[in-house]
Amino acid sequence: MSQSGWQRRDFLKLLGAVPVMTSLPWIAEAATGPRRPPIARVEPVTETIWGEQVVDDYRWMENSADPDWVPYMKGQGAYARSMLDAIPGRAALGKRLNALSSGAEAISMVQPSGGRVFFSKRPRNGDNFKLYMREEAGGEDKLLIDPTAIKVEGSHVSLDWWTPSPDGKLMAYGLSPAGSENSTLYILDIDSGNLLPEKIDRAQEANPQWLPDNSGFFFNRLAAGQAKGSVDYFKSSVSWLHRLRTDANQDIKILSVNQYPQVKFEDLDFPMVFTDPGSEYVLACPQGGVRLANAWYSAKLADAVAGKPQWQQVCDIADEVTGVALVGNDLYLLSTKGADNGKVLRTSAAAPDIASAQLVVPASDLVVQAIVAAKDGLYVTLLDGGYNTLRRIDRNGKAGDIALPFEGSLDGVGATSAEDGAWLIGASWLVPFTVYRYDPVSGQCVDTHLIAKPDVDLSGYEAVRTFAVARDGTKVPLSIVAKKGLKKDGKNPAHVSAYGSYQIVQSPYFSTRFIAFLEQGGVMATAHVRGGGEYGKRWWQAGKGLNKPNTWRDLIDCCEKLIKDGWTDSKHLGIEGGSAGGITVGRAMTERPDLFAVVLSDVGASNTLRAEFSPNGPPNIDEFGTIKDHDGFLALKQMDAVHAVKQGVKYPSVLLTTGLNDPRVSPWEVAKMTATLQRATASHNPVLLKVNVDAGHGIGSTRTQIDDDLADQYAFILWRTGKKGFQPH
């Protein structure tokens, strides 16, 4: 990366900090590269929000056209790279990670269709996910789409999403370069291997839904003319009907804001249309960004195809419907209204009436996490503290639990209303991902061998499922993976991850990459903090809005538990959070800087008071709030790690990461956090910003990129916690 452009208009104002920085003991540890990070110019912007003055020293970073922006980011990236590369043991650790990841397969989605099964998999030695097909009757895997064979202006290309036609003969899919998620839609004729003539851009949130006769599909397309990076980028998207082998300019508009008086939604909602191959009806849902509960509508398929759908409301947002399954004319609704753990209702797509809907799955102590329909019945994924079970409701309404061959999580359940049974992706902390086929006739889950088992010996490791008691008495699940018999003397380097937003569950999962850290005597732990979904709606709401401090305080209390039990101590403790997890680790660090040795913020949300003014900010208002509302402002101010940093505090070692093409958490959030910490900290601990030019939010990143990121994180923890072999001479 370039090291030029480090001059700043305010350099003389900050010159007093330079002697301190140049005297830091870790500066000289980099053999090559810049000897200090670039200093960001300070240009305060003061606003009064709800009677409070808020000062933003780095508002200029929000303008990517500012002449200082690119040099600053490249300078930070170059400095971080030189420091990380100088860590003894980093290169060997990277090679070990590469060997572990290249020797393992990974799978992301399985979907049956037309007597075939389709799946996206990263094969052994592969660098990214590819799309495959297998005839259900058996046979070899057939490679359909290989994005690793494509380059766009020198950048890697990723497979963003894919949807097979009901007959299994066509595939709609999206590709994007450099982790941007800015998809272009293509259509593949599977048997011939030929692409259809369509090449449709602005397909980032496309969600194609095929017509039952395979002649076309409904899909969402972003509005033309919106500037990338603009706060309006996701506004006014439209659901269209596209007929195969026709110009996209001839598509029929099916649903858009203000198109139908009976369908009311905001211009930032995504109007989605859903189909079922055996149904005479279609469903519409204006999805409110990250909002879990949405309004739903139904209409006759024939009317929608004619471009004249007569939408009738199924439910409103207030009905708290978070999941839907359409089977013929039967409509199943997963609702949390009056049932925090969820219940399943059944009504008719022809004449929907949620008020008199039949109760199919009543609320219980288990959380109803998801529903999916197959020909033989409804498959219901249940959740308890992050661990899944599965239940089947047959066509007669009889319920039965399905015995899973492992204790852990279901990463996906693939089914179609045209075929019996389901395909399950399962894993646990020490159980590699496996794809099972559930047969309702035999009642058995059978390994399909769609993904090969990694050639690793896991017998020397153990997974511990325990709890920490938070300061308010709440029991917070805590998962720990380590070597069997590891000495609990408080001297073990620890990597503790936490998230805590969107009701997302930090479920048990497996990665061979963990082994590289565990081999060094490390402890891998996950704090299942409030704000996530481990216990459903109540767990989410307990870490949302003004309750958000529970999220980072749960992490703090989980870390105190690890220390109390001897797994680690404050000199060996590292915490990690990605994306919205940046709030969690950023605020844990600013509230308890003494507790942690290392903080890793990976594409982390850091400046929540300004997030709604980023391209992906408005769709996230439902989760985090808006400064236009007083309580929203107070909540966002609590979450904002940038504004929580205090001058002169001794902060731990910090490694932040961003991708310049990130469409979800704008790079300026991470850059502001970096500049604020580097300017404020009174410790001699490094604050590094790793900048990935050919990446975005991590979705679509290659295996090699993920390996490099983890090698940097693990090496950084091992360096800053004093691990032998990772200390500079």
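Here, every reference points to the structure presented above.
I will try to describe carefully the structure that is included in this document.

Conventions we followed
- Residues numbered from 1 in each chain as written.
- Predicted model: local features only at pLDDT ≥ 70, side-chain atom pairs only at ≥ 80, totals over all residues.
- Heavy atoms only, no water.
- 1 Å grid on protein atoms, 1.4 Å probe; cavity = no way out; pocket = protein on both sides within 12 Å on 5 of 7 lines; lining within 4 Å.
- Points joined across faces, edges and corners; volume = space filled by probe spheres on them.
- Helix = DSSP H or I, 4+ residues; strand = E, 2+ residues; numbered from the N terminus.
- Nonpolar A, V, L, I, M, F, W, Y, C, P; charged D, E, K, R; others polar.
- Buried < 20%, exposed > 50% of the residue type's maximum accessible area, 1.4 Å probe, protein only.
- Arc of directions from axis to C-beta.
- Polar contact = N/O pair within 3.5 Å; in protein donor to acceptor, adjacent residues only side chain to side chain.
- Pairing = 2+ DSSP bridges.
- Core = buried A, V, L, I, M, F, W, Y, C linked by side-chain atoms within 4.5 Å.
- Disulfide = S-S within 2.5 Å.
- Salt bridge = Lys/Arg side-chain N within 4 Å of Asp/Glu carboxyl O.
- Lys, Arg positive; Asp, Glu negative; His and termini not counted.
- Contact = heavy atoms within 4.5 Å.

A short note on empty space enclosed by the protein
Next, step 1: For the coordinates displayed, the defined rule picks out three cavities of 30 Å³ or more.
Next, step 2: Volume-wise, the largest cavity comes out at about 50 Å³.
Next, step 3: Lining the largest cavity are Glu 47, Ile 49, Val 54, Asp 56, Arg 59, Leu 609, Arg 610, Phe 613, Ile 627 and His 643.
Next, step 4: Elements that contribute at least two residues to the lining of the largest cavity include exactly strand S1 (45-49), strand S2 (52-56) and helix H10 (608-611).
Next, step 5: Here the residues of the lining of the largest cavity are counted per class, giving five nonpolar, one polar and four charged.

What to know about helix H12 (residues 630-639)
Next, step 1: When H12 is considered as a whole, its buried residues turn out to be Gly 632, Phe 633, Ala 635, Leu 636 and Met 639. Projection of H12 onto a plane perpendicular to its axis shows the buried side chains occupying an angular sector of 165 degrees, all on one side.
Next, step 2: Structurally, the start of H12 carries an N-cap: the backbone nitrogen of Asp 631 is 3.2 Å from a side-chain oxygen of Asp 629.

Some thoughts on the pairing of strand S18 (residues 296-300)
Next, step 1: Within S18, four of the five residues are buried, which leaves it mostly tucked inside the rest of the structure.
Next, step 2: Pairing analysis gives three bridges linking S18 to strand S19 (residues 312-315), with the strands arranged antiparallel. Bridged to Tyr 297 within S19 is Gln 313.

A few points about the nonpolar core
Next, step 1: Residues Met 61, Val 496, Leu 555, Ile 575 and Phe 596 are the most contacted members of the largest nonpolar core, which totals 69 residues.
Next, step 2: Per-element tally for this core: the top contributor is helix H14 (residues 667-680), with seven residues.

As for the state of the cysteines
Next, step 1: Tallied over the full model, the rule gives zero disulfides.
Next, step 2: The thiol sulfur of Cys 315 is not disulfide-bonded, and the nearest other cysteine sulfur, from Cys 285, lies at 7.8 Å.
Next, step 3: Cys 559 provides the cysteine sulfur closest to Cys 558, a residue in no disulfide bond, and the two sulfurs are 7.0 Å apart.
Next, step 4: On the basis of relative accessibility, which here comes to 0%, the residue Cys 558 falls in the buried class.

Topic: the pattern of salt bridges
Next, step 1: One pass over the structure, following the stated rule, counts 48 salt bridges.
Next, step 2: A salt bridge links Glu 519 to Arg 96, with the shortest nitrogen-to-oxygen separation between them at 2.7 Å. Residue Glu 519 is located in the loop between helix H6 (514-518) and strand S35 (523-527), and its partner Arg 96 is located in helix H4 (residues 90-102); the two are separated by 423 residues in the primary sequence.
Next, step 3: When the shortest N-O distance is used, the salt bridge between Glu 591 and Arg 587 registers 4.0 Å. Placement of the pair is Glu 591 and Arg 587 together in helix H9 (residues 581-591), with a separation of four residues, close to one helical turn.
Next, step 4: Among the residues examined, Glu 591 registers a relative accessible area of 25% and is labelled partly exposed.
Next, step 5: Put simply, Glu 47, Asp 56, Arg 59, Glu 62, Arg 610 and Lys 672 are held in one network by salt bridges that share partners.

Regarding the side chain of Asp 394
Next, step 1: Its location among the elements puts Asp 394 in strand S26 (residues 387-394).
Next, step 2: At 5.0 Å, Arg 392 is the nearest oppositely charged side chain to Asp 394, a buried residue that forms no salt bridge.
Next, step 3: A distance of 2.9 Å separates a polar side-chain atom of Asp 394 from the backbone nitrogen of Asn 396.
Next, step 4: Ignoring anything within four residues of it in the chain, the contact list for Asp 394 reads Asp 376 and Gly 377.

Some details on the layout of surface pockets
Next, step 1: Of the pockets and cavities examined, the second largest pocket occupies roughly 590 Å³.
Next, step 2: What lines the second largest pocket is a set of 24 residues, among which Lys 228, Gly 229, Leu 660, Asp 662 and Pro 667 lie closest to the centre.
Next, step 3: Residue assignment for the lining of the second largest pocket shows that the elements contributing at least two residues are helix H3 (69-85) and H14.
Next, step 4: With three residues, the single largest contributor to the lining of the second largest pocket is H3.

A closer look at the pairing of S35
Next, step 1: Here S35 lies mainly inside the structure; five of its five residues are buried.
Next, step 2: Bridge count for strand S34 (residues 494-497) against S35 is four bridges, and the pairing is parallel. Counted as the bridge partner of Val 496 is Ala 525 from S35.

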